[in-house]
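Residues per chain, in single letters:
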Amino acid sequence: MALVAYLFYQMGESSYKKTRLKGDPFISGNRPSKDPRDIHVGGDNLYWGFTHALRKYLDPLVEGHTGIVNDYVYWFVVTLAFVLVFLYLLI
Amino acid sequence: MNVDLLLQSPVFILGIPLLFAFLTPLADKVSKELRNAVFIIGLLLTALFVSLMAYEVYTIGSWTYVFGAEDPTAITDVSFFRITFLADGFAVLATLTIIITAVGVGIYSFGNMKDFDDLGKFYTLFLLTLAGVMGMVLTSDLFNLFVWFEVTSIASCGLIAYHNERGESVEAALKYMIISVIAGLLLLFSIGFFYGEYGVLNYFLIRDSMDGAFIDILAIGLVMVILSMKASSVPMHMWAPDAYSEAPDSITPFIAITSLGSLFVLFRLIFFVFRGAVEPSSIGNLLIILGVLSMFVGVSMALKQSDVKRLIAYLSVSQIGYMMMAVGVGFATLGTADYGAFGVNAVEGGFFHMINDGVYKALLFLSVGGIIYAADTRDLNRLGGLAHSMPFTTFFFIIGGLSIAGIPPLSGFSSKLLIYKSVYLYNPVLAIIALVVSIVTLALIGKIFFNAFLGPDQKIGMKIPRSMILSMGVLTVIIVIFSLFPNYVVSEIIAPAIEALGVAV
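Per chain, residue numbering runs from 1 following the sequence as it is written. Written order decides the labels, with chains lettered from A and ligands numbered from 1. pLDDT decides what is reported in this predicted model: residues at 70 or higher carry local features, side-chain atom pairs at 80 or more are listed and counted, and totals for whole chains, interfaces and linings draw on all residues regardless. Values shown for side chains rest on all heavy atoms present in the structure; no hydrogens or waters enter the calculation.

**Some words on the overall build of chain B**
- Elements are defined by DSSP. Helices are runs of H or I of four residues or more, strands are runs of E of two residues or more, and each kind is numbered from the N terminus. Counting secondary structure elements, chain B contains 19 helices and two strands.
- Taken over C-alpha atoms, the radius of gyration is set against a globule rule of 2.2 Å times the number of residues to the power 0.38. Here the C-alpha atoms of chain B give a radius of gyration of 21 Å, agreeing with the 23 Å that 2.2 N^0.38 yields for 505 residues.
- Referenced to the eigenvectors of the C-alpha coordinate spread, the extents of chain B come out at roughly 65 × 60 × 45 Å.
- For the exposure calls, accessible area comes from a 1.4 Å probe over protein chains only, and a residue counts as buried if that area is under 20% of its type's maximum, exposed if over 50%, partly exposed in between. The proportion of buried residues among the 505 residues of chain B is 66%.
- Pairs of residues are marked as contacts when any of their non-hydrogen atoms sit within 4.5 Å. The long-range share in chain B, meaning contacts at least 24 apart out of those at least 6 apart in sequence, stands at 80%.
- Accessible surface, chain B: about 16,300 Å² in total, of which carbon and sulfur atoms supply 66%.
- When charges are counted, Lys and Arg are positive and Asp and Glu negative, with His and the chain ends excluded. Lys charges are placed at NZ, Arg charges at CZ, Asp charges at CG and Glu charges at CD. Across chain B, 24 positive and 33 negative side-chain charges occur, with their mean positions spaced 12 Å apart. Methods summary: accessible areas were calculated by the Shrake-Rupley approach with a probe of 1.4 Å, and residue burial reflects only the protein chains presented.

**So, the environment of Thr441(B)**
Residue and element names in this part refer to chain B.
- As for its position among the elements, Thr-441 is in helix H17 (residues 428–453).
- Since its relative accessible area comes to 0%, Thr-441 is described here as buried.
- For the pair formed by Thr-441 and Ala-362, sequence separation is 79 residues and the distance between their alpha carbons is 16 Å.
- Contact partners of Thr-441, with chain neighbours within four places excluded, come to Val-299, Leu-315, Gln-319, Ile-404 and Ala-405.

**Considerations on the nonpolar core**
Residues and elements named next belong to chain B.
- By nonpolar core is meant a set of buried Ala, Val, Leu, Ile, Met, Phe, Trp, Tyr and Cys residues that side-chain atoms within 4.5 Å join together. Core analysis: the biggest nonpolar cluster contains 216 residues, and Phe-267, Phe-271 and Phe-351 have the highest contact counts within it.
- Residue contributions to this core peak at 22 residues, all from helix H14 (residues 337–375).
- As annotated, the domain borders come from an automatic or database domain assignment. If you count residues domain by domain, this core takes at least three from each of domain 1 (1–278) and domain 2 (279–505).
- In this view, Phe-351 contacts Phe-90, Leu-93, Phe-267, Phe-271, Val-327, Ile-494, Ala-497, Ile-498 and Leu-501; residues no more than four positions away in its chain are not counted.

**Considering the interface of chain A and chain B**
- At the junction of the two partners, chain A supplies 35 residues and chain B supplies 52 residues.
- Here the buried area means the combined drop in accessible surface, using a 1.4 Å probe, for two parts upon being joined, counting both sides. For the pair chain A and chain B, the two sides together bury roughly 3,800 Å², of which 80% comes from carbon and sulfur.
- Salt bridges are counted wherever a side-chain nitrogen of Lys or Arg sits within 4 Å of a carboxyl oxygen of Asp or Glu. At the junction of chain A and chain B, the tally comes to one salt bridge.
- We note a salt bridge from Lys304(B) to Asp59(A), for which the minimum N-O separation is 3.9 Å.
- Think of a polar contact as two N or O atoms within 3.5 Å of one another; within protein, one of them needs to be a possible hydrogen donor and the other a possible acceptor, and neighboring residues in sequence only count if both atoms come from side chains. For the pair chain A and chain B, the interface holds five residue pairs in polar contact (both at pLDDT 80 or more).
- With 14 residues, helix H5 (residues 69–90) of chain A is the largest single contributor of residues to the side of chain A that touches chain B.
- By residue class, the composition of the side of chain A that touches chain B is 24 nonpolar, eight polar and three charged. Any residue outside Ala, Val, Leu, Ile, Met, Phe, Trp, Tyr, Cys, Pro, Asp, Glu, Lys and Arg is labelled polar, Gly included; the first ten of those are nonpolar and the last four are charged.

**Describing unusual backbone geometry**
Residues and elements named next belong to chain B.
- A cis amide bond, omega 5°, links Val-234 with the succeeding residue Pro-235.
- Residue position: Pro-235 is located in the loop between helix H9 (214–230) and helix H10 (239–246).
- With a phi angle near 65°, Ser-232 is a residue other than glycine that sits in the positive phi range.
- As for its placement among the helices and strands, Ser-232 is situated in the loop between H9 and H10.

Following this line, the structure appears as structure tokens:
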């Protein structure tokens, strides 16, 4: 499979002629910027559609991670209570 | 080699890092070169004694070492207060995992931290953390466990706050300290329950004394939750992304290995000490619940991260979930025919994943440290094109990334396959969740790879020191070895660990 792909690639390479536009990145028809950082689409834009579709699940999850240490201790106490009740009921 | 010296290896594994931790700042007063030499000698000597202990365990079997006794290996009655260590297959698995990461991180630190002052203190804290986490996994006494737990917590806290010119680092260290203090106090509280009930602290004696009384359940529940929190299990994981992302880049995998150390202790206690006192399915199902939550929430939170270190930190939380779920399935089936049929394979998968996770997670954190060193940012929105200037780091990241995602033929695949197969037989839904989490993990590794390494050369990269390349290379070689010989790892390292816990089929 890799060999077939390579042969196709070589066929394209041999007939490739460099012109003014060929080889430039295509960004929705916009003229590419000279700054390479503008050409590279990445960061939060990647998987945007996926995370947007899951926003009803992800947003509350992110909001739950407040970064406040009181909440960290709160979850520890909640888990401890759950574990103790679970073990007590099952034994 | 004198056989007696080999039997003393557990005490050297703890004594050497402790001794060298205090020699390092003295050497620092003389010269940086001497300090570095003292540090690396301490680290390599510890690695040597871990290897010697492994050789001895695999050759003559396990033994208990009673510190300070006239003949430390001959005493079997440890009903009085003594510092005791247990050298067995499980201790070998844990110490090997820790020392591989420690050596990798230590070599990496030479290059990564070379521009910082006061490295004498840094290496002291490093070696103290190493001694602490080694003590946690080697001890066979609950009070000793508390002491090593505290040593690890205090030294790790210092390492997280090492960049104390940054408010975020100090904040992360403060949070870690609060969590660790609460965990430490409650651990002491639970030890008090055991001591009040039975008047002993040794693992063997507690195991033989426990009768499943209410006070036992209370103490077991406390110990389970405390160690799960230190292992960064959801929903008590929130300290981990803070601590991992704010610690110096070179030290992050080492903080992560202390979490893995807590998980080793948890598994040692539930299999070796608590097994007879509780219904296995109750603890097993609890581990499964915490494991599934960790896998799913960890990877979900990673989706929303644009800070590359926080992203890996959440993936790390997610991987802890695999181990808890697999070992939970194994524990839940203990004493039934299912244990022989697939439960033992689940435990094998879980333990194999632990050693794998220690190595590939270290490689990932270190390669991300290389990215940050070169580009001076950890924001994925600002990274790009680094493959042009950092081909080695790119290669190492690919190896670590594919391994954490469980892509064949890398080592992560071997352990995950064991987990999928065995967990499927317990409950197919668990296997499906594990597979989905692996797919999302791969997507997230792809996100980092695409963002940081692909794209046009932004000419922002600077050359990273050779020691950083060397340490990542060493870890990559270990991953390749684990990938090429997974059966050997399972039969020679994992199986003796399971046998040591007394649950071999």
